[in-house]
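Examining the three-dimensional arrangement
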Amino acid sequence: MKKILFFIIFCFPFIVFAQCKDSLCQPNAYSHCGPDYSPVCACDGKTYRNACVAEVGACISPGGHVDGPCGDFDIDFFPNLISSSPEGVGHLSIYMKFPGTALITIYNSMGRLEFEKSFSTNEYSSLIPGANPYDLYEAQAFQRDVYILVVTVNGSPKTVKFIKVDNGK
């Protein structure tokens, strides 16, 4: 009986973890998984931007993830280098599990509020329609600086840093 108890307590967590990660896989952070933002919650407790990133970039075993983020919401922002040129715009997507409102705020490196906008959705487990993606043209007029984008849902914030590389028009 003691041997069985020892196996369950000490070995079972390693067996479960081994099923989560593909032991033969080498993580490839440079693999192109496409622009699709469909967040998945993997068995390692992390949210990945899509199933390909989880499986190829983090070696999560196929089937080792479920649709949607691990928390109540997730954000995706790219690129993190913004310019005043037409192709230098940032794209923000917000995925929420429950209906509600997401507040977007952007602060400059000195903590000054530069931008604020809110989005609402009545849908469950979906991208907010107005932010799928929301093209952040407003940031193209910002001065050259480092900025912090904060998305807050139900009092819980997620942050992303980005850089404006040239002076606004």
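Figured I'd write up the structure that's included with this text. (Residues numbered from 1 in each chain as written. Predicted model: local features only at pLDDT ≥ 70, side-chain atom pairs only at ≥ 80, totals over all residues. Heavy atoms only, no water.)

Oppositely charged side chains may form a pair once their charged atoms are brought near each other. All chains considered together, the criterion is met by three salt bridges. Here Asp 76 ties to Arg 49 by a salt bridge, and the two come within 2.4 Å at their closest N and O atoms. In this pair, Asp 76 sits in strand β4 (residues 73-78) while Arg 49 sits in the loop between β2 (47-48) and α2 (51-57), placing the two residues 27 residues apart along the sequence. Asp 76 gets classed as buried once you look at its relative accessible area, which sits at 11%. (Salt bridge = Lys/Arg side-chain N within 4 Å of Asp/Glu carboxyl O. Helix = DSSP H or I, 4+ residues; strand = E, 2+ residues; numbered from the N terminus. Buried < 20%, exposed > 50% of the residue type's maximum accessible area, 1.4 Å probe, protein only.)

Let us look at the layout of surface pockets. Of the pockets and cavities examined, the largest pocket occupies roughly 180 Å³. Together, Asn 28, Ala 29, Ser 31, His 32, Cys 33, Gly 34, Pro 35, Arg 49, Val 53, Val 56, Gly 57 and Ala 58 line the largest pocket. Residue classes in the lining of the largest pocket are distributed as six nonpolar, five polar and one charged. (1 Å grid on protein atoms, 1.4 Å probe; cavity = no way out; pocket = protein on both sides within 12 Å on 5 of 7 lines; lining within 4 Å. Points joined across faces, edges and corners; volume = space filled by probe spheres on them. Nonpolar A, V, L, I, M, F, W, Y, C, P; charged D, E, K, R; others polar.)

Right, let's talk about the packing of aromatic side chains for a bit. Where two aromatic rings form a pair, the distance of their centres and the angle of their planes describe that pair. Within this structure, the stated rule accounts for five aromatic pairs. On the basis of an interplanar angle of 65 degrees and a centroid distance of 5.1 Å, the ring pair of Phe 119 and Tyr 134 is categorised as edge-to-face. Of this pair, Phe 119 sits in strand β8 (residues 113-121) while Tyr 134 sits in strand β10 (residues 134-135); the two residues are 15 residues apart in sequence, bridging distant segments of the chain. Like Phe 119, the residue Tyr 134 is buried in the burial classification. Taking the centre distance of 5.5 Å and the plane angle of 20 degrees together, the rings of Tyr 147 and Phe 162 count as stacked. Linking Tyr 147 in strand β11 (residues 145-153) with Phe 162 in strand β12 (residues 156-164), this pair joins segments that are 15 residues apart in sequence. Taking relative accessible area as the criterion, Tyr 147 reaches 2% and is therefore assigned buried. Owing to a relative accessible area of 1%, Phe 162 belongs among the buried residues under this scheme. One aromatic cluster is present, formed by Phe 77, Phe 142, Tyr 147 and Phe 162 through successive ring pairs. (Phe/Tyr/Trp six-rings, centres within 6.5 Å; stacked < 30°, edge-to-face > 60°.)

Okay, the nonpolar core next. Judged by nonpolar contacts, the single largest core of 23 residues is most densely connected at Ile 94, Leu 149, Val 151 and Phe 162. For this core, the elements supplying multiple residues, two or more each, are β4, β6 (91-96), β7 (100-107), β8 and β11. In terms of residues, this core owes the most to one element, β11, which gives four residues. Excluding its chain neighbours within four sequence positions, the residues that come into contact with Ile 94 are Asp 74, Ile 75, Ala 102, Ile 104, Phe 119, Ser 126, Leu 127, Ile 128, Ala 131 and Val 151. With seven residues, the next largest nonpolar core counts Val 40, Tyr 48, Ala 54 and Ile 60 among its residues. (Core = buried A, V, L, I, M, F, W, Y, C linked by side-chain atoms within 4.5 Å. Contact = heavy atoms within 4.5 Å.)

Strand order across the open sheet formed by three strands is β2-β1-β3, with antiparallel pairing between neighbours. Each edge of the sheet is formed by a strand with only one pairing partner; in this case those strands are β2 and β3 (65-67). In this sheet, β2 lies alongside strand β1 (residues 40-42) in antiparallel orientation, the contact comprising two bridges. Along β2, the bridge assignment pairs Val 40 with Tyr 48. (Pairing = 2+ DSSP bridges.)

Another aspect to go through is the state of the cysteines. With the rule as written, the count across this model stands at four disulfides. Disulfide pairing places Cys 25 opposite Cys 59 at an S-S distance of 2.1 Å. One quick way to see it: the torsion about the S-S bond of Cys 25 and Cys 59 is about -70 degrees, and its sign makes the bridge left-handed. Remark: Cys 59 occurs in the loop between α2 and β3 and Cys 25 occurs in the loop between α1 (2-20) and β1; sequence separation between them is 34 residues. Judged by its relative accessible area of 3%, Cys 59 is buried. (Disulfide = S-S within 2.5 Å.)

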